[in-house]
Amino acid sequence: MQVKENFEIKPLTTYKIGGVVKKVYFPETLEEFTEVLRELDNYIVLGSCSDVLFSSNGYSGNLVVTTEMKNFEIRGTKVIAECGVKDPLISQKVAEVSLSGLEFLIGLPGTIGGAVYMNAGAHGQCIADTLVSCCLFDRETKEVVYMQNSEMDFSYRHSLLHNGRYILLSAEFELKKASQEDIKELMDRNLTFRKTIQPSLAKPNAGSVFKNPENDSAGRLLDKAGVKSFETPTVKVWDKHANFIINKGGATSEDILEMMVKMYEAVKQTYTIELRPEIIFIGDKTKKEEELCNILYRTKTQK
Ligand SMILES: Cc1cc2nc3c(=O)[nH]c(=O)nc-3n(C[C@H](O)[C@H](O)[C@H](O)COP(=O)(O)OP(=O)(O)OC[C@H]3O[C@@H](n4cnc5c(N)ncnc54)[C@H](O)[C@@H]3O)c2cc1C
């Protein structure tokens, strides 16, 4: 297992933002992973860093990155995937054996761990639809436990993993047989839709900035509140979809947070709706960032 000290995290994040992390572990097997989790007291687990805003001030703690744990197994209509398996890869692999249910993962640049954490979803599908059970590490007892879908507290962009007690080791899914043609058509439709409205990763971003409020769309509200014109020397709101912020180059975590607050205020003033971020802030904050996070997240940041 690779262990790096004073590691520059920026290149690993889809935002291309983030400072130096004191120590980063890259376990390659679930055994190595649980061993590290048992040894460490304080740590954050991350996958592909595609749903996070990593602090430009870095992180003075331990980070465990799961992306070297890439094993998965397909048995009939069941799929078991380790937490570090990439979303688009598993989507393709199950499609190759005519299994339907994970087509939406084709366009998500994350891992199974991050997808279960967020109950990731798109195009009418989400993780909770096909997940049967999870193999988890319990941070309190330091034991490995199993939980069924009904115990995972899934709702929109939420799972039991948000309580911070459990780390996903692997997940089991039950999929349905379907024709390869239908599966491929759905995947192609998903990708085409993304290409027309979402920025590619060549324009660094971390997907939707805010969660949809109940019965509405954050993108619609942001658009109507006029945020598409918001731009600074380092960041801009994406002109084809108002719920994306692009790092134009050289942006810091503070630049992104400032833009998020401007967008949040615009919707609040126009609609009296307070949007909540989907993007998770990770790392050590400056005093200014603490203030900006207090507006956006209240108690929801992670460190
Ligand atoms: C261009 C783009 C488009 C996107 N489109 C969508 C979309 O349509 N729908 C959607 O839902 N998301 C979307 N996302 C967001 C993101 O890609 C997904 O949510 C993805 O599944 C997150 O996985 P990750 O490995 O990058 O998680 P990370 O960003 O690394 O982590 C996210 C959270 O999950 C936690 N976590 C990660 N692994 C584990 C684990 N093993 N155990 C416990 N907690 C863990 C982390 O601590 C963190 O809190 C998009 C992102 C981008 C950049």
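Because the structure is a prediction, the values reported are computed rather than measured.

Novice: Now, about the nonpolar core: what can you tell me, with residues and values included?
Specialist: Ranked by internal contacts, the top residues of the largest apolar core, which has 88 residues, are Val 52, Leu 53, Ile 90, Val 116, Leu 168, Ile 256 and Met 263. For this core, the element with the most residues is helix α7 (residues 253–271), which contributes seven residues. Filtering out sequence-adjacent residues up to four positions away, Ile 90 remains in contact with Phe 72, Val 79, Ala 81, Val 85, Leu 102, Leu 105 and Ile 112.

Novice: Quick rundown of the site of the ligand? Include the residues and the values.
Specialist: Residues in contact with the ligand amount to 34 residues; listed here are only the nearest, Gly 47, Gly 110, Gly 113, Gly 114 and Gly 207. Of all the elements in the fold, those that place two or more residues in the shell around the ligand are β3 (43–46), α3 (112–118), β9 (121–122) and β13 (166–174). The greatest single-element share of the shell around the ligand, amounting to five residues, is contributed by α3. Along the lines of polarity and charge, the residues of the shell around the ligand split into 18 nonpolar, 14 polar and two charged. Looking at which domains feed residues into the shell around the ligand, each of domain 1 (2–65) and domain 2 (72–194) supplies at least three.

Novice: Can you explain the pairing of strand β6 (residues 72–75)? Please cite residues and give values.
Specialist: As paired elements, β6 and strand β7 (residues 78–82) share four bridges and run antiparallel to each other. Within β7, the residue paired with Phe 72 across the bridge is Ala 81. Taking the residues that link successive antiparallel strands as the turn, the β6-β7 hairpin has two residues, and the phi of Gly 76 there is positive, at about 60 degrees.

Novice: Break down the domain arrangement of the chain for me, with residues and values.
Specialist: Here the domain parsing of the chain yields domain 1 (2–65), domain 2 (72–194) and domain 3 (218–297). A straight line from the C-alpha centre of domain 1 to that of domain 3 covers 24 Å. Put simply, the parts of the chain that give the side of domain 1 that touches domain 3 at least two residues each are β4 (52–54) and β5 (59–65). Among the elements that make up the side of domain 1 that touches domain 3, the one with the highest residue count is β4 (three residues). Its residues placed into classes, the side of domain 1 that touches domain 3 shows seven nonpolar, seven polar and two charged.

Novice: I'd like a description of the packing of α7 against helix α8 (residues 287–297), backed by residues and values.
Specialist: The interhelical angle for the contact between α7 and α8, taken along N-to-C directions, is 35 degrees, at an axis separation of 10 Å. Classified by chirality, the crossing of α8 by α7 is left-handed. For the pair formed by α7 and α8, the contact residues are Ser 253, Glu 254, Leu 257, Glu 258, Met 260, Val 261 and Tyr 264 on the first element and Lys 288, Glu 289, Leu 292, Cys 293, Ile 295 and Leu 296 on the second. Of the residues belonging to the contact of α7 with α8, the class tally is eight nonpolar, one polar and four charged.

Novice: I'd like a rundown of helix α5 (residues 180–197), residues and numbers included.
Specialist: Here α5 spans 26 Å end to end across 18 residues, near enough to the 26 Å set by a 1.5 Å rise per residue. All of the buried residues along α5 are Ile 183, Met 187 and Asn 190. On an axial view of α5, the arc spanned by its buried residues comes to 60 degrees, and they lie on one face. For α5, the exposed residues set more than 90 degrees away from the buried face come down to Glu 181, Asp 182, Glu 185, Asp 188, Arg 189, Thr 192, Lys 195 and Thr 196. Buried residues along α5 sit in contact with α2 (87–96), β8 (99–100) and β9.

Novice: I'd like a rundown of the confidence of the model for the chain, residues and numbers included.
Specialist: In regions of low pLDDT, the predicted coordinates are not meant to be interpreted in detail. Per-residue confidence for the chain gives a mean pLDDT of 95, with 98% of residues at or over 70. Of the regions scoring below 50 in pLDDT, residues 299–303 engages in seven contacts with residues more than four places distant in sequence or in other chains.

Novice: Quick one: what's the story with α8, residue by residue and with numbers?
Specialist: What sets the pattern is the α-helix's 3.6 residues per turn: residues three or four places apart point alike. Among all positions in α8, only Glu 289, Leu 292, Cys 293 and Leu 296 are buried. Seen from one end, α8 has its buried residues packed into an arc of 100 degrees, which puts them on one side. Exposed residues pointing more than 90 degrees away from the buried face of α8 are listed as Lys 287, Glu 290, Glu 291 and Asn 294. Looking at the buried residues of α8, the elements they touch are α7 and β17 (280–282). Trailing α8 by a residue or two, Arg 298 shows a phi angle of about 55 degrees, which is positive.

Novice: Report on the pairing of β5, specifying residues and quantitative values.
Specialist: Direction of pairing for strand β2 (residues 20–26) relative to β5: parallel, over a ladder of four bridges. Looking at β5, one finds that Tyr 25 is bridged to Val 64. As defined by bridge partners, β3 adjoins β5 across four bridges and the pair is classed as parallel. Looking across to β5, one finds that Tyr 43 is bridged to Asn 62.

Rules used in this analysis
Residues numbered from 1 in each chain as written. Predicted model: local features only at pLDDT ≥ 70, side-chain atom pairs only at ≥ 80, totals over all residues. Core = buried A, V, L, I, M, F, W, Y, C linked by C-beta atoms within 7 Å. Buried ≥ 20, exposed ≤ 12 C-beta atoms within 10 Å, placed from the backbone. Helix = DSSP H or I, 4+ residues; strand = E, 2+ residues; numbered from the N terminus. Contact = placed C-beta atoms within 7 Å. Near = placed C-beta within 6 Å. Nonpolar A, V, L, I, M, F, W, Y, C, P; charged D, E, K, R; others polar. Domains from an automatic or database assignment. Pairing = 2+ DSSP bridges. Axes fitted to C-alpha atoms, helices over the stretch in contact; angles between N-to-C directions. Left-handed = near helix turned anticlockwise from the far one by under 90°. Expected span 1.5 Å × (residues − 1). Arc of directions from axis to C-beta. pLDDT = per-residue confidence, 0-100.

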